[in-house]
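# Commentary on secondary and tertiary structure
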Amino acid sequence: MDYIINGSWLDGIARTRTCARCPNWGIVLRVIAVAAAEVPEARPLAVRVDDQLTLAVCRFEGAYFAFDNKCPHRGAALAGGEMAGELLVCPVHHFKFSVKTGRCAMPRHLRLRSFPVREEGGELKIELEVEQDAPRPV
Ligand code: FES
């Protein structure tokens, strides 16, 4: 992976999901912003979210797609791969994944973990569900 940018968090938490049995736990929907112009045509862009998650952001025919950078086969960094039409090719064992569906061409049971992407005014807004510990009640 030779090109990593840090996505910037937009302010605000859009939605919270909690568990009645675990009051300190919650899933929050957060949005990370990336400039669309940073995403090259021929290969994915690695966007570091935090220590646990890096994204592989792809462009195909003017549409943008975001995936967990870890290949579902053996965990290689997908952003080190290349685009072949609508296919994202893993750099290690060369499995091919459709950016439209996330499915692997072969074996078919493998699928990329994908995240919704919206483009607004040249900026990509990528929605991530993040596990968070809510503040403990005082
Ligand atoms: S690690 Fe990606 S195809 Fe094997």
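Summarised in this report is the structure supplied together with it. (Residues numbered from 1 in each chain as written. Predicted model: local features only at pLDDT ≥ 70, side-chain atom pairs only at ≥ 80, totals over all residues.)

This part covers the sheet that holds strand β9 (residues 87-89). With antiparallel pairing, the three strands of this open sheet are ordered in space as β8-β9-β10. The open sheet is flanked by β8 (82-84) and β10 (96-98), the only strands paired with a single partner. When strand polarity is set aside, the average angle formed by the axes of neighbouring strands in this sheet is 35°. In this structure, β9 lies alongside β10, joined through three bridges in antiparallel fashion. Pairing of L87 across the sheet is with S98, part of β10. (Pairing = 2+ DSSP bridges. Helix = DSSP H or I, 4+ residues; strand = E, 2+ residues; numbered from the N terminus. Axes fitted to C-alpha atoms, helices over the stretch in contact; angles between N-to-C directions.)

This part takes up the pairing of strand β6 (residues 54-60). For β6, the tally of buried residues reaches six of seven residues, placing the bulk of the element in the interior. Bridge count between strand β5 (residues 45-48) and β6: four bridges; the pairing is antiparallel. Considered in β6, the bridge of R48 is made with T54. In this antiparallel pair of consecutive strands, β5 and β6, the connection spans five residues. Sheet analysis places β6 next to strand β7 (residues 63-68), joined by six bridges and oriented antiparallel. (Buried ≥ 20, exposed ≤ 12 C-beta atoms within 10 Å, placed from the backbone.)

Glancing now at the nonpolar core. If you look at the biggest cluster of nonpolar residues, it comprises 23 residues, and the most contacted ones within it are L55, A56, V57, F67 and L78. Secondary structure elements with two or more residues in this core: β4 (22-35), β5, β6, β7 and β13 (123-133). Ignoring sequence-local partners within four residues, the contact set of V57 consists of V34, V39, P44, L45, V47, Y64, A66 and L124. (Core = buried A, V, L, I, M, F, W, Y, C linked by C-beta atoms within 7 Å. Contact = placed C-beta atoms within 7 Å.)

All right, on to the pairing of β7 then. Hairpin connection, β6 to β7: the antiparallel pair is bridged by two residues, and E61 has positive phi, about 50°. Two elements, β7 and strand β11 (residues 114-115), share two bridges in a ladder whose sense is antiparallel. Bridging from a neighbouring strand, F67 pairs with S114 of β11.

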